[in-house]
Amino acid sequence: MAGPTEFIPTSSLGDTLVILGAAGVVIPLFARFRITPVIGFILVGVLVGPFALGGMAAANPWLHYVTISDPQGLAPFAELGIILLLFSIGLELSFKRLWQLRRTIFRIGPMELFGSSLVIALVLMALGNTLATALALGLALALSSTALVLRIADTRTPVGRAALGTLLFEDLAIVPIIFLLSAIGRVAGGPDLGQFLNTLGLGALVVAGLFVFGRFVLPHLFAQAARTKSPELFLAASLLMVIVAALVTSAVGMGPILGALVAGLLIAETEYHTEVEAMIAPFKGLALGIFLLTVGMSIDLAFVWDRIGEIVIATAAIITAKAMVTGLVLWMNGSRTATATEAGILLSSPSEMTLIVLTAALAVNLISRDAAQFWQVVTALGLTITPLLAILGRWVGRRVDKAAINVDLSAEDAPQRSLIVGGGRVGRLVAEMLIAHDKPYLIIDANSDLVREVRSEGLKAAFADAARPNVLSRFSPSEANAVILTMDDPVAARRLVRQLRHDYPDLPIIARARDASHAAELYRAGASHAVPETLEASLQLSEAVLVDIGVAMGAVIASIHEKRDEFRAQIMEEGELDEKPRLKSASLRERAES
């Protein structure tokens, strides 16, 4: 009989412990340092996988507690993570939005995918690979990571929309790519053109059937679930829909991803999509973490060490080629240079689907087992650095847009204008008020997309990072009527007020403050006026509540005035002012009447 010290946890229990432990450590730890947990999950996968601690578990039984005993057993959960991710993407879309993206999906998507495939294939052929092998590797490595890119990118931005359209086409192209590789491999019993057309036909019928179901049956199904007021039943109905859709599309050879995306689109058209999205979010994050663990576990550290130079060079070459092709395609199709550059770098790493295509190519003898392992490691490394590529893309995109500063300076030379630092809702409202009184102005913002949006509304705006030293001086603050700071960054606002007051002692500086304490800090830094945005809104809300619950209007006005005076005294004391600052526009009316 085995003693207590010889106890080894069951496979499923031990793996569950490792997965939950990784999620409980990686997510808060990396969030604390503002690093995406993607890197953490992959690194944990490397550590607990069969090529690191997992390989030592046979000689050290206690390692079964902290390693994955059956990496292949996690594959279904990793696939579920990708399915739930695509389902959540569908929830965020709509048929109207997809129609708006049709140009990106069916024009830019093919150009990017096949252009990148061609460049990679030509380089591989130049290195001695056959045409079939180079084509297989080119198609596999040209794919970009839907699971990671759409988790990083905001699909409401130009970069996010470009990435979304391109990735949707790549997901749709998976089935034709695998068919093409099987046909090239000429294996016995491989699919022929008839099989391919039959798959496409069945897939179209299934998708059409899902659309009919979603249009006429799904709203009633969710309505019944909602009437029960049972979150469990509502969640079960949601998961049932996505799993059934994924299984149906898989059964006809189209893959589960398409079904998951369609299921999300169908639910997005109902009034219950917000509730479903909130319920699915925790499952999506955990399942995606499992997928990333499996990616890490596929990395053989000994193999990587033996060929580290080749792997790094190959990864850098793939990323460079894809970034250049994607950026060029987007730029040729009308995207701004900065958007094309950022999107190109963001989409430059290989995909989780690359692993699937490599497996298909290996099965039909288009690539050797050694080559498949090499490119799997390159793919895993590319997935690991995808978050870093996103940061690099944003940095390079901003540097590309810096050239807009000189153009703005030459175009905006009106004297005695007001400079509004910050083009958000507050800055735009200030600009509209200045326009109403025929006063010249210029909005300055460091977000190039926001500057374009502001200009599209007919407002004057320039791209520049006013928080950087000496940048604002290029806009001649000495000739300005005033500088209005509307940015929602307390530290940057205080630093900028101090710099402006030092350089321009007589310049009127009006700054937006968060609260009374922040307003006092801005006054000490040299602001002419600091306007706390939360105080007046809070006082007006209190006034409305007191009146509605029956307190006499006179008493309400008196108490509001008393509270406002307390804030003024607080700002005066903390801001080291000689008199109480004005906090209410009514005081201006009183001065005008006196």
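Keep in mind that what you see is a predicted model, and the values were worked out from it rather than measured.

A. Fine view of the overall build of the protein. For the protein, the count of helices and strands is 27 helices and six strands. Within the protein, the proportion of its 594 residues that are buried is 47%. Excluding contacts between residues fewer than 6 apart, the proportion of contacts in the protein whose partners are at least 24 apart in sequence is 69%. As presented, the protein carries roughly 29600 Å² of accessible surface, and 63% of it is formed by carbon and sulfur atoms.

B. Molecular detail of the packing of aromatic side chains. The full count for this structure, using the stated rule, is two aromatic pairs. The interplanar angle of 85° and the centroid separation of 6.2 Å between the aromatic rings of F114 and F169 together place this pair among those described as edge-to-face. Linking F114 in helix α5 (residues 102-126) with F169 in helix α8 (residues 158-185), this pair joins segments that are 55 residues apart in sequence. Residue F114 is classed as partly exposed on the basis of its relative accessible area of 43%. Taken together, a centroid distance of 5.1 Å and an interplanar angle of 90° make the contact between F374 and W375 edge-to-face.

C. Spotlight on the packing of helix α15 (residues 308-332) against helix α16 (residues 337-346). Relative orientation of the contacting elements α15 and α16 amounts to 145°, with a least axis distance of 8 Å. α15 and α16 meet at a crossing whose hand is right-handed. In this structure, α15 contributes K322, A323, T326, G327, L330 and W331 to the contact, and α16 contributes T337, A340, A343, G344 and I345. Tallied by class, the residues present in the contact of α15 with α16 amount to six nonpolar, four polar and one charged.

D. Representation of the nonpolar core within the structure. Grouped together as the largest cluster of nonpolar side chains are 121 residues, with contacts concentrated most on F87 and W375. When neighbours within four sequence positions are excluded, F87 is seen to be in contact with S238, V242, A260, A263, G264, I267, V276 and I280. Core analysis: the second largest hydrophobic core is formed by 32 residues, A466, L485, M487 and L535 among them.

E. Region of the structure containing the side chain of T133. The residue T133 is located in helix α6 (residues 131-141) in this model. Residue T133 is classed as buried on the basis of its relative accessible area, which comes to 15%. In terms of polar contacts, T133 uses its side chain to reach the side chain of T130, at 3.0 Å. Only 2.7 Å separates the side chain of T133 from the backbone oxygen of L366, close enough to count as a polar contact.

F. Structural view of the sheet that holds strand β2 (residues 441-445). The parallel open sheet is built from six strands, whose spatial order is β3-β2-β1-β4-β5-β6. Strands with a single pairing partner mark the edges of an open sheet, and in this sheet they are β3 (461-463) and β6 (529-532). Across this sheet, the average inter-strand angle for adjacent strands is 20°, counted without regard to direction.

G. Spotlight on the pattern of salt bridges. The full count for this structure, using the stated rule, is four salt bridges. D370 serves as the salt-bridge partner of R307, at 3.1 Å between the closest nitrogen and oxygen. Separated by 63 residues along the polypeptide, R307 in the loop between α14 (301-306) and α15 and D370 in helix α18 (residues 369-384) bring together distant segments of the chain. Residue R428 is joined to E457 by a salt bridge in which the shortest nitrogen-to-oxygen separation is 2.9 Å. On the criterion of sequence distance, the pair formed by R428 in helix α21 (residues 425-436) and E457 in the loop between α22 (448-456) and β3 is long-range, its members being 29 residues apart. The class of R428 is buried, set by a relative accessible area of 14%.

H. Main features of unusual backbone geometry. With phi around 55°, D438 is a residue other than glycine that occupies positive phi space. Secondary-structure assignment places D438 in the loop between α21 and β2. Since its relative accessible area comes to 71%, D438 is described here as exposed. One non-glycine residue, S476, adopts positive backbone phi at about 55°. Along the chain, S476 turns up in the loop between β3 and β4 (482-485). Taking relative accessible area as the criterion, S476 reaches 33% and is therefore assigned partly exposed.

I. Representation of the side chain of R428 in the model. Among the polar contacts made by the side chain of R428, one reaches the main-chain carbonyl oxygen of G423 at a distance of 3.2 Å. Every residue in contact with R428, bar those within four places of it in the chain, is listed here: G423, I443, L450, E453, V454, E457 and L459.

J. Structural view of a positive patch on the surface. A grouping of R394, R398, R399, R468 and R474 is seen on the molecular surface, where their side chains present a positively charged patch. For R394, a relative accessible area of 36% gives the class partly exposed.

K. Region of the structure containing the pairing of strand β1 (residues 418-421). Side chains S418 and I420 project from β1 onto one buried face, and the interleaved L419 and V421 project onto a second face that is buried too. Bridge count for β1 against β2 is four bridges, and the pairing is parallel. Counterpart to I420 in the pairing with β2 is I443. Taken together, β1, α21 and β2 form a β-α-β motif whose crossover is right-handed.

L. Just the pairing of strand β5 (residues 509-513), in detail. Among the five residues in β5, four count as buried, and that is most of the element. Inspection of the sheet shows β4 paired to β5 by three bridges, in the parallel sense. Looking across to β5, one finds that L485 is bridged to A511. Here β5 pairs with β6 via four bridges, running parallel. Considered in β6, the bridge of R512 is made with V531.

M. Structural context of a nonpolar patch on the surface. Together, V212, F213, F216, V217 and L221 line one region of the surface with nonpolar side chains, adding up to about 430 Å² of accessible area. The element that contributes the greatest number of residues to the nonpolar patch is helix α9 (residues 193-216), accounting for three residues. Relative to the assigned elements, L221 resides in helix α10 (residues 218-227).

N. How the structure looks around helix α12 (residues 256-268). Spanning 13 residues, α12 covers 18 Å between terminal C-alpha atoms, matching the ideal 18 Å at 1.5 Å per step. Within α12, 13 of the 13 residues are buried, leaving the element largely enclosed by the surrounding structure.

Rules of the game
- Residues numbered from 1 in each chain as written.
- Predicted model: local features only at pLDDT ≥ 70, side-chain atom pairs only at ≥ 80, totals over all residues.
- Heavy atoms only, no water.
- Helix = DSSP H or I, 4+ residues; strand = E, 2+ residues; numbered from the N terminus.
- Buried < 20%, exposed > 50% of the residue type's maximum accessible area, 1.4 Å probe, protein only.
- Contact = heavy atoms within 4.5 Å.
- Areas by Shrake-Rupley, 256 points an atom, 1.4 Å probe, with all protein chains shown as cover.
- Phe/Tyr/Trp six-rings, centres within 6.5 Å; stacked < 30°, edge-to-face > 60°.
- Axes fitted to C-alpha atoms, helices over the stretch in contact; angles between N-to-C directions.
- Left-handed = near helix turned anticlockwise from the far one by under 90°.
- Nonpolar A, V, L, I, M, F, W, Y, C, P; charged D, E, K, R; others polar.
- Core = buried A, V, L, I, M, F, W, Y, C linked by side-chain atoms within 4.5 Å.
- Polar contact = N/O pair within 3.5 Å; in protein donor to acceptor, adjacent residues only side chain to side chain.
- Pairing = 2+ DSSP bridges.
- Salt bridge = Lys/Arg side-chain N within 4 Å of Asp/Glu carboxyl O.
- Patch = residues over 30% accessible without salt bridge, like charges linked within 9 Å, V, L, I, M, F, W, Y side chains within 5 Å.
- Lys, Arg positive; Asp, Glu negative; His and termini not counted.
- Charge placed at Lys NZ, Arg CZ, Asp CG, Glu CD.
- Right-handed = clockwise from strand over helix to strand, strands pointing away.
- Expected span 1.5 Å × (residues − 1).

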